[in-house]
Amino acid sequence: ESSLVKSKFRGSLLGSLIGDCLGAPFEGDVVTSGDKIILQKYFDKLQDSNFKGPYKQYTDDTAMMKSVAKFIIDKPEPDYKFLAKLFATEYFSEPKRGYGQNVIEVFHKLKNSKFENIYKPATEQFFGSGSYGNGGAMRIAPVALFFHDNYKLMLEVAINTTKITHTNILGINGALLQCIAIHQALLMDPENKIDPIVFCKKLNEKMKELEKVDEDDEYDLDGTSKAYQDSLEIVEYLLEKEYNDGLDEEVIEKLGNDIRAHKSVPTAIYCFLRAQSEIPKIDTSNIFRRTIQYAISLGGDTDTIACMAGAIAGAYLGEDAISPYLAKQCEFYKEVLEMADNLFSSREGVSMKC
Ligand code: F2R
Ligand code: MG
Ligand code: MG
Ligand code: MG
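These lines cover the structure that appears in this document, whether it is placed above or below. Computed from a prediction, not measured in an experiment: that's the story for all the values here. (Residues numbered from 1 in each chain as written. Chains lettered and ligands numbered in written order. Predicted model: local features only at pLDDT ≥ 70, side-chain atom pairs only at ≥ 80, totals over all residues. Heavy atoms only, no water.)

## Overview of the coordination of the magnesium ion (ligand 3)
Around a metal, the perfect tetrahedron of four donors has angles of 109.5 degrees, and the perfect octahedron of six donors has angles of 90 or 180 degrees.
Reasoning step 1: Protein coordination at the magnesium ion (ligand 3): the donors are Thr 59 (OG1), Asp 60 (OD), Asp 61 (OD) and Asp 303 (OD), at 2.1 to 2.3 Å from the metal.
Reasoning step 2: Between consecutive donor residues of the magnesium ion (ligand 3), the sequence gaps follow T-D-D-x241-D.
Reasoning step 3: Between the two metal centres, the magnesium ion (ligand 3) and the magnesium ion (ligand 4), the spacing is 3.7 Å, with Asp 303 acting as a shared donor. One exposure class covers both Asp 60 and Asp 61, and it is buried. (Donors = N, O, S within 2.8 Å, 3.2 Å for Na, K, Ca; no water. Buried < 20%, exposed > 50% of the residue type's maximum accessible area, 1.4 Å probe, protein only.)

Take a look at the structure:
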């Protein structure tokens, strides 16, 4: 039983890395009609045991996820100043990993203020409204895994790790949704088929608890406070729809495929759920590969949407479902597996102390 959980830790972090590395070359792409064929060939080639190419490099998604993992592994009692320092150190040692345009201001301010108030720089982003980029969500996997048997603490840590860079409610709730999606997938038996609608409804029940809607708030005219529960309704609607040639365009139009959390996290969840059964023009019987390949086929923020979908798929399926040939194409894959094992074993240490 504990070996299954360990395999799920590995699967989730590896899934996150593979989505980032394989999706990165396509980030910002606009989808065109031949893309599914090109992607099919790209994946067939990468998965061929004889193929030897240069590593696919990871981006900010993995760079920041590394820091979140280290923050948990090195200090079991959450030390958010330590995490802020890890984020900044990682950024200044390798600034060219494709970070968001604005988040780098936070790193500079943190450093210049000697990490005096680690939450202040993020609150100043976007004229005080805070970032709703998907940067909080893309790096959350280690939190969902490590704290999976303490739901309340998991949510608290997810919020506090996100707020160092993202304070807009959409940025925070997006990270929470990604976190609970990984958590819910982790608790599923990979021997049992997932019912996408049931999975989505269950997630939405939890999201309704998290998105506290104030019915009397006259300022919330655009429904920001319940953006994610509304999006999950759309996920359900799209999952129930019969396949047609325009379906993917409708997915992009209704759920989004860009760097905003509310226009990418629900999309990643949809990708994972849609990939539980066959998808036209994606020729593979492997659910993990289908998830990543489909996520990338939607274009836009491909590294991040594939990274988030991959983290969920890996948490459900475990490491065994992931082709080692695909993993071996990614820079840092050995280190990510080591990170997953360290995350798993530091957890055992903590529960023994209790
Ligand atoms: N930065 C990128 N990719 C470059 C963009 C791709 C390009 N379009 C292309 O064609 O290739 N990728 C990485 O950034 C995303 C994560 O970003 P993060 O960490 O959330 O950063 P940031 O800067 O806080 O937010 C990102 C952008 O979102 C918009 N935004 C956020 N909050 C806003 C607000 N309150 N008001 C207005 N705009 C807001 C801004 O445009 C931010 O720059 C991942 O995709 C990662 O891979
Ligand atoms: Mg294209
Ligand atoms: Mg990136
Ligand atoms: Mg991205």
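## Focus: helix H2 (residues 35–46)
Reasoning step 1: With 12 residues, H2 extends 16 Å between its outermost C-alpha atoms, agreeing within 8% with the 16 Å of an ideal straight helix rising 1.5 Å per residue.
Reasoning step 2: Burial in H2 covers these residues: Asp 35, Lys 36, Leu 39, Gln 40, Tyr 42, Phe 43 and Leu 46. An end-on view of H2 places all buried positions within 165° of arc, on one side of the element. Turned more than 90 degrees away from the buried face of H2 sit Ile 37, Ile 38 and Lys 41, all of them exposed.
Reasoning step 3: Contacts made by the buried residues of H2 are with helix H1 (2–23), helix H12 (247–255), helix H14 (287–297) and helix H16 (324–327). (Helix = DSSP H or I, 4+ residues; strand = E, 2+ residues; numbered from the N terminus. Expected span 1.5 Å × (residues − 1). Arc of directions from axis to C-beta. Contact = heavy atoms within 4.5 Å.)

## Let's talk about the side chain of Asn 257
Reasoning step 1: Along the chain, Asn 257 falls in the loop between H12 and helix H13 (265–274).
Reasoning step 2: Apart from the residues within four sequence positions on either side, Asn 257 is in contact with Ile 252, Lys 263, Leu 298, Gly 299, Gly 300, Asp 301 and Ile 305.

## Structural notes on the site of ligand 1
Reasoning step 1: Within the structure, ligand 1 sits among 23 residues, and Asn 102, Ser 131, Tyr 132, His 166 and Asp 301 are positioned closest to it.
Reasoning step 2: In this structure, an oxygen atom belonging to ligand 1 sits 3.2 Å away from a side-chain N or O atom of Asp 60.
Reasoning step 3: Within the side chain of Ser 129, a nitrogen or oxygen atom sits 3.4 Å from a nitrogen atom of ligand 1.
Reasoning step 4: Contact with the protein chains covers 75% of the free accessible surface of ligand 1, which is 930 Å².
Reasoning step 5: Going through the elements one at a time, helix H3 (60–74) and helix H15 (302–317) are the ones with two or more residues in the shell around ligand 1.
Reasoning step 6: In terms of residue class, the shell around ligand 1 is made up of 5 nonpolar, 13 polar and 5 charged. (Near = heavy atom within 4 Å. Polar contact = N/O pair within 3.5 Å; in protein donor to acceptor, adjacent residues only side chain to side chain. Areas by Shrake-Rupley, 256 points an atom, 1.4 Å probe, with all protein chains shown as cover. Nonpolar A, V, L, I, M, F, W, Y, C, P; charged D, E, K, R; others polar.)

## With respect to the pattern of salt bridges
Two side chains bearing opposite charge may form a pair once their charged atoms approach each other closely.
Reasoning step 1: Taken as a whole and judged by the stated rule, the model has 20 salt bridges.
Reasoning step 2: Among the ionic pairs, Glu 236 bridges to Lys 201, the shortest N-O distance being 2.7 Å. Taken together, the residues Glu 236 in helix H11 (residues 227–240) and Lys 201 in helix H10 (residues 196–210) connect sequence positions 35 residues apart.
Reasoning step 3: Among the ionic contacts, a cluster of salt bridges with common partners joins Arg 10, Glu 319 and Asp 341. (Salt bridge = Lys/Arg side-chain N within 4 Å of Asp/Glu carboxyl O.)

## Looking at the side chain of Gln 293
Reasoning step 1: Along the chain, Gln 293 falls in helix H14.
Reasoning step 2: With a relative accessible area of 1%, Gln 293 lands in the buried category.
Reasoning step 3: Within the structure, the side chain of Gln 293 is placed 2.8 Å from the side chain of Gln 40, a separation counted as a polar contact.
Reasoning step 4: Only 2.8 Å separates the side chain of Gln 293 from the side chain of Arg 289, close enough to count as a polar contact.

## A few points about the packing of H10 against H11
Reasoning step 1: At a minimum axis separation of 9 Å, H10 and H11 run at an interaxial angle of 170°. By the angle between their axes, H10 is roughly antiparallel relative to H11. Residues Pro 196, Ile 197, Cys 200, Lys 201, Leu 203, Asn 204, Met 207 and Lys 208 of H10 lie in contact with H11, whose contacting residues are Tyr 228, Gln 229, Leu 232, Glu 233, Val 235, Glu 236, Leu 239 and Glu 240.
Reasoning step 2: In terms of residue class, the contact of H10 with H11 is built from 9 nonpolar, 2 polar and 5 charged. (Axes fitted to C-alpha atoms, helices over the stretch in contact; angles between N-to-C directions. Parallel < 35°, antiparallel > 145°, perpendicular 65-115°, else oblique.)

## Things to note about the packing of aromatic side chains
Reasoning step 1: Throughout the structure, instances matching the rule amount to 13 aromatic pairs.
Reasoning step 2: Between Phe 71 and Tyr 80, the ring centres sit 5.5 Å apart and the planes meet at 40°, which makes this aromatic pair tilted. One exposure class covers both Phe 71 and Tyr 80, and it is buried.
Reasoning step 3: Seen in terms of ring centroids, Tyr 91 and Phe 92 are 5.0 Å apart; in terms of plane orientation they differ by 70°. Their pairing is edge-to-face.
Reasoning step 4: Judged by relative accessible area, which is 30%, Phe 92 ranks as partly exposed.
Reasoning step 5: Of note, Lys 66 hangs over the ring of Phe 332, and the distance from its end group to the ring centre comes to 4.5 Å.
Reasoning step 6: The cationic tip of Lys 75 hangs over the ring face of Phe 82; the distance from NZ or CZ to the ring centre is 4.6 Å. (Phe/Tyr/Trp six-rings, centres within 6.5 Å; stacked < 30°, edge-to-face > 60°. Lys NZ or Arg CZ within 6 Å of the ring centre and 35° of its normal.)

## Quick look at the environment of Gln 47
Reasoning step 1: Within the fold, Gln 47 resides in the loop between H2 and H3.
Reasoning step 2: Sequence-wise, Gln 47 and Arg 289 are 242 residues apart; in three dimensions their C-alpha atoms are separated by 9.9 Å.
Reasoning step 3: Excluding its chain neighbours within four sequence positions, the residues that come into contact with Gln 47 are Arg 289, Ser 323, Tyr 325 and Leu 326.

## Considerations on the packing of helix H8 (residues 151–162) against helix H9 (residues 169–186)
Reasoning step 1: At a minimum axis separation of 9 Å, H8 and H9 run at an interaxial angle of 140°. Taken together, the axes of H8 and H9 are oblique relative to one another. Relative to H9, H8 is oriented so that their crossing is right-handed. Taken together, the residues of H9 that come into contact with H8 (itself represented by Tyr 151, Met 154, Leu 155, Ala 158, Ile 159 and Thr 162) are Gly 171, Ile 172, Ala 175, Leu 176, Cys 179, Ile 180 and His 183. (Left-handed = near helix turned anticlockwise from the far one by under 90°.)

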